[in-house]
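The chain contents come next:
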Amino acid sequence: MLTRIDHIGIACRDLDKTVEFYRATYGFEVFHSEVNEEQGVREAMLKINDTGDGGASYLQLLEPIREDSPVGKWLAKNGEGVHHIAFGTGDVDADSEEIRAKGVRVLYDEPRIGSMGSRITFLHPKDCGGVLTELVTAAEPGAHEGH
Ligand code: MC0
């Protein structure tokens, strides 16, 4: 069951500059940052609030580390802006199978590793009204306490 907005992914060209914009404008601080080689991004997670399901909601700022990565390709075509939305679930495997059975293309056969050790998959934007949609199951509580 999808129980929260886990994050909104925002594509940017300069992660440090964008982090500074969110800090100076809204007071949001970096909770965690990492490079995800497989996804081709350097990212910063800004925690907005905890949620009633034991998880949290974040803004995820994404800078491509390769031009031919999903975010690199998207930036070249669209410029900076909202890249995807992610829903949180306690069971990404069950939810992705249920959604696949409804005829929506799930991009991965098995969930892959996302931010902070989470397990993630994506739904094709062309089957979701133009919105690239991610499903996320967070790592066990305590596995990642930030940075
Ligand atoms: C592409 N399209 C999008 C889109 N990206 N539409 C809405 N939102 C997006 N973000 C559209 C294009 O405009 C194009 O439409 C069509 O989809 C095909 O796009 P393409 O540029 O030819 O690229 P493809 O087909 O090679 O790849 C698109 C696809 C890919 C969605 C399959 O980007 C993908 O696998 N994304 C999932 C992984 C990802 O995004 N990783 C980065 C975040 P037209 O009409 O022109 O045909 S990593 C992340 O977020 C992790 C770290 C985490 O959360 O923990």
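Before going further, it helps to examine the side chain of Glu134. Relative to the helices and strands, Glu134 is located in strand β8 (residues 133–137). For the buried residue Glu134, which engages in no salt bridge, the nearest side chain bearing the opposite charge is Arg4, 9.7 Å off. One polar contact links Glu134 to His84, side chain to side chain, over a distance of 2.9 Å. Setting aside residues up to four positions removed in sequence, Glu134 forms contacts with His7, His84, Ile85, Ala86, Phe87, Ile120, Thr121 and Phe122.

Attention shifts here to the nonpolar core. Looking at soluble globular proteins, one finds that nonpolar side chains tend to be buried together. In terms of nonpolar packing, the biggest core is built from 9 residues, these being Ile10, Cys12, Leu15, Val19, Tyr22, Ala44, Leu46, Leu59 and Leu61. Elements with a contribution of two residues or more to this core: α1 (15–26), β3 (41–50) and β4 (56–64). If one sorts the elements of this core by residue count, α1 sits on top with 3 residues. Contacts of Leu46, omitting those with residues within four sequence positions, involve Tyr22, Phe28, Glu29, Val30, Phe31, Ser57, Tyr58, Leu59 and Leu61.

Conventions used here
Residues numbered from 1 in each chain as written. Predicted model: local features only at pLDDT ≥ 70, side-chain atom pairs only at ≥ 80, totals over all residues. Heavy atoms only, no water. Helix = DSSP H or I, 4+ residues; strand = E, 2+ residues; numbered from the N terminus. Buried < 20%, exposed > 50% of the residue type's maximum accessible area, 1.4 Å probe, protein only. Lys, Arg positive; Asp, Glu negative; His and termini not counted. Salt bridge = Lys/Arg side-chain N within 4 Å of Asp/Glu carboxyl O. Polar contact = N/O pair within 3.5 Å; in protein donor to acceptor, adjacent residues only side chain to side chain. Contact = heavy atoms within 4.5 Å. Core = buried A, V, L, I, M, F, W, Y, C linked by side-chain atoms within 4.5 Å.

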